[in-house]
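Next come the chains, spelled out residue by residue.
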Amino acid sequence: MAVTFLFCFLIGRFFYVQVVWSGELNYRALDQWTRELPIVAERGKIVDRNGVVLADNTTAYTVFARSNAVKDKEKTATLLANALDLAEETVYEKLTKKKASEVTIAKKVEKSKIEKLSALSLDGVYFSRDNVRYYPKDDALCQVVGFTSTDNIGTTGIEKYYNTYLSGKNGELLQETDLVGIEVKGSVATYLPAENGYNVQLTIDYAIQELAESALEKVSAVYSPTSAQCIVLDVNTFEVLALANYPSYSLNEIPRNDAELLNELTRNRLVCDIYEPGSTFKIVTSAINLEEYARGNSKAFSPKYVFNSSRTRYVDGTTVKCWSNHANGKHSNQTLAEALNTSCNPCFTDMALSLGKETFYQYLSAFGFGQKTGIDYGGEAYGLLMPKQAVRNCDLARIGFGQTIAVSGIQLACATASAVNGGYYYAPRLVKRVYADDGYVALENKPILQNRTVSEKTSALLAQMLEGVVRDGSGKKAYIEGYKVGGKTGTAQKFENGRIAVGKYVSSFVGFFPADKPQYLALVIVDEPKGAYYGSVVAAPCAKEIFEGIISLKNIRAHTEE
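Within each chain, residue numbers correspond to sequence positions counted from 1 in written order. At least 70 in pLDDT is required for a residue's local features to be given in this predicted model, at least 80 for side-chain atom pairs to be given and counted, and no such filter applies to totals for whole chains, interfaces and linings, which use all residues. Side-chain calculation: all heavy atoms of the structure are included, whereas hydrogens and water are not.

Participant: Which parts of the structure should I look at to understand the overall build of the chain?
Facilitator: In this text, helices come from DSSP runs of H or I with a minimum length of four residues, and strands from runs of E with a minimum of two, each type numbered from the N-terminal end. In terms of helices and strands, the chain carries 19 helices and 19 strands. Two residues form a contact once any of their heavy atoms are found within 4.5 Å. Sequence separation of 24 or more characterises 72% of the internal contacts of the chain that already satisfy a separation of 6 or more. Only carbon and sulfur atoms are counted for the fraction: they give 50% of the accessible area of the chain, which is about 26,800 Å². A 1.4 Å probe and the Shrake-Rupley method give the accessible areas. Residues count as covered only by the protein chains that appear here.

Below is the structure:
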């Protein structure tokens, strides 16, 4: 019985070693009797929609040593230190490490130094080629493109979000060695090729990106804000054509040693930060009111309705005031279109309160507030939307004109685009496709309709009203002769520690053109401008400059009356 048991045990052990454990044992043997020289995969390029290269690779080298194969460690350390401009003591310490059979002497070594090293023919010393990330446009689109770690792994931005596609798979060159790591004469090397990463094509139009970045630099030079942002969106697909944040930083000289500064400069504020939108949000309130009126809701106001001309509204013991004092008949006898022109807060308070929070919140959800847009970028903010059950009338009144609600720039841009493009809300995108050098497409991001917000009739009427804001109202500084531009200004006070921060404002403008058939939308946000602070003065001219640049760039003809 005992003999039978022992026989069965030996057979089972034999099977386990020969079959189950064979793969791991083969790997261990291969690792022990071969020297692996890594062949680094080339990281995929990042290009704009027209093929302009935004992230590329340059060649560098990594130098290794097998301490067991180094015959004269002191002499080798001296020669390596001289050839690579390293400290001799540090190199010697690495060569004499007892626990490591192979050590890395230096990374990202330039070709001229490798040529010196090759001429020395040092025993036990070898090198492999690396791919070091290089950004031809330096600081352009820096918060969007992002950068890689010292190990060439995506750390921020598109580099991180699409790292799996971009990184590729490293290969190896296996050389047979003896027990101490010296290459066996006559042995044949085994080559396992690297698989290069896929290229990523953005929706960004680099020429439009340049326009946006230039406009932000100019507005920042004049008003010295803490920051400024701009997004340009294709109204009909929600493809991001430009996304700029000021100040920027060089992707080729990343301040890795200053974590606080690095975090500040790399934040993509349009996606990751939130702010009170102020009067730009009146576009959404107007869209909700017009759509409900078109649906026959008796609580909605007609486009011809004349609002109460009083400067104040009293809600739940609080007072809502217009920015204007309404002196000399200002803001009297206003329709919705005129209320948009003058940006009169009480009129939008009336709309929100009349429709009620149930209806209003249904639309806020449809327009994407309080939730992520789904843009292909990490760290997107949800925004800040009070729970419906906690909303009082005084809260709803202020939400109606863009207070007591916080949004991200991408949320407001998408909501506005939907309000004027016929009511179609798409998932915004920064990447158009992912493809290999041979043309194989691994991923293609086509427009995805997520929701319908308003009808095409409501959308067209709203766009017409917003054209009037630029032509006749607060958005005049965005007006372009011969072109139908629509939009809305915003000036919001900032809050700090639950109180209004004296003298601190967020100036903004969201606009689009052509107003009768929208194609391009731009949102400009200027945080804490010095001197002037109204969105009509600070942000609207910035958007105008971008639109004029697009008109010239795309050779868009002026509108002609039929």
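Participant: Quick question: what am I supposed to make of the packing of aromatic side chains here?
Facilitator: Aromatic rings in a pair are described by how distant their centres are and how their planes are angled relative to each other. Stacked, edge-to-face and tilted labels apply to pairs of Phe, Tyr and Trp rings (six-membered ring for Trp) whose centres lie within 6.5 Å, assigned for plane angles under 30 degrees, over 60, and everything in between, in that order. The full count for this structure, using the stated rule, is 15 aromatic pairs. Both rings, one in Tyr61 and one in Phe127, keep their centres 5.9 Å apart while their planes meet at 85°; by these two values the pair is edge-to-face. Taken together, the residues span a long stretch of sequence, with Tyr61 in strand E3 (residues 53-66) and Phe127 in strand E5 (residues 125-134) at a distance of 66 residues. The buried label applies to any residue whose accessible area, calculated with a 1.4 Å probe on protein chains only, is under 20% of its type's maximum; exposed applies above 50%, and partly exposed to all values in between. According to the relative accessible area criterion, Tyr61 is buried, its value standing at 14%. Overall, Phe127 belongs to the partly exposed group, its relative accessible area being 30%. Measuring from centroid to centroid gives 5.0 Å for Phe513 and Phe547, while their planes differ by 65°, and the two rings are edge-to-face. Placement of the pair is Phe513 in strand E18 (residues 499-513) and Phe547 in helix H19 (residues 540-553), with a sequence separation of 34 residues. Exposure remark for Phe513: the relative accessible area of 2% places this residue in the buried category.

Participant: Looking at this structure, I do not really get the state of the cysteines. What am I missing?
Facilitator: Each disulfide consists of one covalent bond between the sulfur atoms belonging to two cysteines. Here, the term disulfide refers to a pair of cysteine sulfur atoms separated by no more than 2.5 Å. Taken as a whole and judged by the stated rule, the model has 0 disulfides. Of the cysteine sulfurs around Cys230, a residue in no disulfide, the closest is that of Cys542, at 6.2 Å. Here Cys230 falls in the buried class, since its relative accessible area comes to 0%.

Participant: Could you clarify how one ought to interpret the environment of Val537 in this entry?
Facilitator: Secondary-structure assignment places Val537 in helix H18 (residues 535-538). Taking the C-alpha atoms as reference, Val537 lies 9.1 Å from Thr489; in sequence the two are 48 residues apart. Not counting residues within four places of it along the chain, the set of residues in contact with Val537 comprises Tyr223, Lys477 and Ala532.

Participant: I'm lost on the pairing of E18 in this one. Help?
Facilitator: Regular strands have side chains that alternate between both faces of the sheet. Both strand E17 (residues 486-496) and E18 contribute to a ladder of 10 bridges, which runs antiparallel. Its bridge partner lying in E18, Glu496 is registered against Arg499. Linkage of E17 to E18, two consecutive antiparallel strands, is achieved through a turn of 2 residues, within which Asn497 is found at a positive phi near 55°. Of the pairings in the sheet, the one linking E18 to strand E19 (residues 520-527) comprises 8 bridges and is antiparallel in character. Among the inter-strand pairings, Gly511 is bridged to a residue of E19, identified as Ala522. Paired strands, as defined in this entry, are two strands with at least two bridges between them according to DSSP. Following E18, the chain reverses through 6 residues before pairing antiparallel with E19.

Participant: Whenever I open this one, helix H14 (residues 345-366) confuses me. Can you help?
Facilitator: Helical periodicity: at 3.6 residues per turn, an α-helix aligns residues three or four positions apart in one direction. For a helix, the expected span equals 1.5 Å multiplied by the residue count minus one. Its 22 residues place the ends of H14 only 23 Å apart at the C-alpha level, less than the 32 Å of an ideal helix rising 1.5 Å per residue. Of all the 22 residues making up H14, 16 are buried; the element is thus mostly covered by neighbouring parts of the structure.

Participant: What should I look at first to understand the environment of Asp273 in this one?
Facilitator: Considering the arrangement of structural elements, one finds Asp273 in the loop between helix H11 (269-272) and helix H12 (282-294). Using a relative accessible area of 17% as the deciding quantity, one classes Asp273 as buried. Measuring from C-alpha to C-alpha, the distance between Asp273 and Ala381 comes to 6.3 Å, with 108 residues separating the pair along the chain. Residues within four places of Asp273 in sequence aside, it is in contact with Arg267, Asn268, Val407, Ser408 and Gly409. Whenever a nitrogen or oxygen atom comes within 3.5 Å of another N or O atom, the pair is scored as a polar contact, on the condition that within protein one atom can donate a hydrogen and the other can accept it, and that pairs from neighbouring residues in sequence are kept only if both atoms are in side chains. Reaching out from Asp273, the side chain makes a polar contact with the side chain of Arg267 at a distance of 2.3 Å. Polar contacts involving the side chain of Asp273 include one to the side chain of Arg269, which spans 3.0 Å.

Participant: Please explain the pattern of salt bridges as it appears in this structure.
Facilitator: If charged atoms from side chains of opposite charge come close, those side chains can pair. By definition here, a salt bridge exists when the distance from a side-chain nitrogen of Lys or Arg to a carboxyl oxygen of Asp or Glu is within 4 Å. All told, the structure shown has 21 salt bridges when counted by the stated rule. For Arg269, the salt bridge identified is with Asp273, shortest N-O distance 3.0 Å. Among the ionic pairs, Lys494 bridges to Asp527, the shortest N-O distance being 3.0 Å. On the criterion of sequence distance, the pair formed by Lys494 in strand E17 and Asp527 in strand E19 is long-range, its members being 33 residues apart. Its relative accessible area of 15% is what places Asp527 among the buried residues. Connected through salt bridges with shared partners, the residues Glu264, Arg267, Arg269 and Asp273 form a single ionic network.

Participant: I keep staring at the sheet that holds strand E9 (residues 227-234) and nothing clicks. Help me out?
Facilitator: Two orientations exist for strands paired in a sheet by backbone hydrogen bonds: parallel and antiparallel. The strand order across the open sheet built from 5 strands is E10-E9-E19-E18-E17, with neighbouring strands paired in antiparallel fashion. The sheet terminates laterally at strand E10 (240-246) and E17, the two strands that pair on one side only. Direction aside, neighbouring strands of the sheet carry axes that sit 10° apart on average. The sheet contact formed by E9 and E19 spans 8 bridges and is antiparallel. Paired with Val232 across the strands is Ala522, a residue of E19. Axis definition: a line fitted to C-alpha atoms, over the contacting stretch in the case of helices. Angles run 0 to 180 degrees between N-to-C directions.

Participant: Please explain the packing of helix H3 (residues 73-84) against helix H5 (residues 111-120) as it appears in this structure.
Facilitator: The description of two helices packed together rests on the angle between their axes and the distance between the axes. In contact at an axis separation of 9 Å, H3 and H5 are set at 155° when each is read in the N-to-C sense. The angle between the axes of H3 and H5 places the two elements in the roughly antiparallel class. With respect to the hand of their crossing, H3 and H5 are arranged in right-handed fashion. Here H3 contributes Leu79, Leu80, Ala83 and Leu84 to the contact with H5, which in turn contributes Lys113, Lys116, Leu117 and Leu120. Side-chain classes follow a simple rule in which Ala, Val, Leu, Ile, Met, Phe, Trp, Tyr, Cys and Pro form the nonpolar group, Asp, Glu, Lys and Arg form the charged group, and the remainder, Gly included, forms the polar group. Tallied by class, the residues present in the contact of H3 with H5 amount to 6 nonpolar, no polar and 2 charged. Put simply, angles under 35 degrees are roughly parallel, angles over 145 are roughly antiparallel, angles from 65 to 115 are roughly perpendicular, and the rest are oblique. Note on convention: near helix rotated counterclockwise from far helix by under a right angle means a left-handed crossing. Clockwise means right-handed.

Participant: I would appreciate a short explanation of a negative patch on the surface in the present structure.
Facilitator: A patch consists of residues exposed above 30% relative accessible area that lack any salt bridge, with like charges linked at up to 9 Å and nonpolar side chains (Val, Leu, Ile, Met, Phe, Trp, Tyr) linked at up to 5 Å. By the counting scheme adopted, Arg and Lys are positive, Glu and Asp are negative, and His together with the chain ends is not counted. Charge positions come from single atoms, namely NZ of Lys, CZ of Arg, CG of Asp or CD of Glu. Residues Asp72, Glu74, Glu88 and Glu89 make up a contiguous surface patch of negative charge. Mapping Glu74 onto the fold places it in helix H3.

Participant: Help me out: how do you make sense of the nonpolar core in this one?
Facilitator: Soluble globular proteins tend to pack their nonpolar side chains together in the buried interior. Among the nonpolar cores identified, the biggest contains 92 residues, and Ile158, Val200, Leu202, Ile231, Leu233, Phe367 and Leu430 are the most heavily contacted of them. Top element by residues in this core is H14. It accounts for 9 residues. What Leu430 contacts, discounting residues up to four positions off in sequence, is Val144, Ile158, Leu202, Thr203, Ile204, Val240, Leu243, Ile375, Asp376 and Tyr377. The definition of a nonpolar core used throughout is a set of buried Ala, Val, Leu, Ile, Met, Phe, Trp, Tyr and Cys residues joined through side-chain atoms within 4.5 Å.

Participant: What should I look at first to understand H3 in this one?
Facilitator: If you check H3, its first and last C-alpha atoms are 16 Å apart, about what 12 residues at 1.5 Å a residue would give, namely 16 Å. Looking only at H3, the buried set comprises Thr76, Ala77, Leu80, Ala81, Ala83 and Leu84. Each buried residue of H3 sits inside an arc of 165° when the element is viewed along its axis, so together they form one side. Across from the buried face of H3, at angles greater than 90 degrees, the exposed residues are Glu74, Lys75 and Asn82. Working definition: the arc comes from the directions between the helix axis and the C-beta atoms, pointing outward to the latter.

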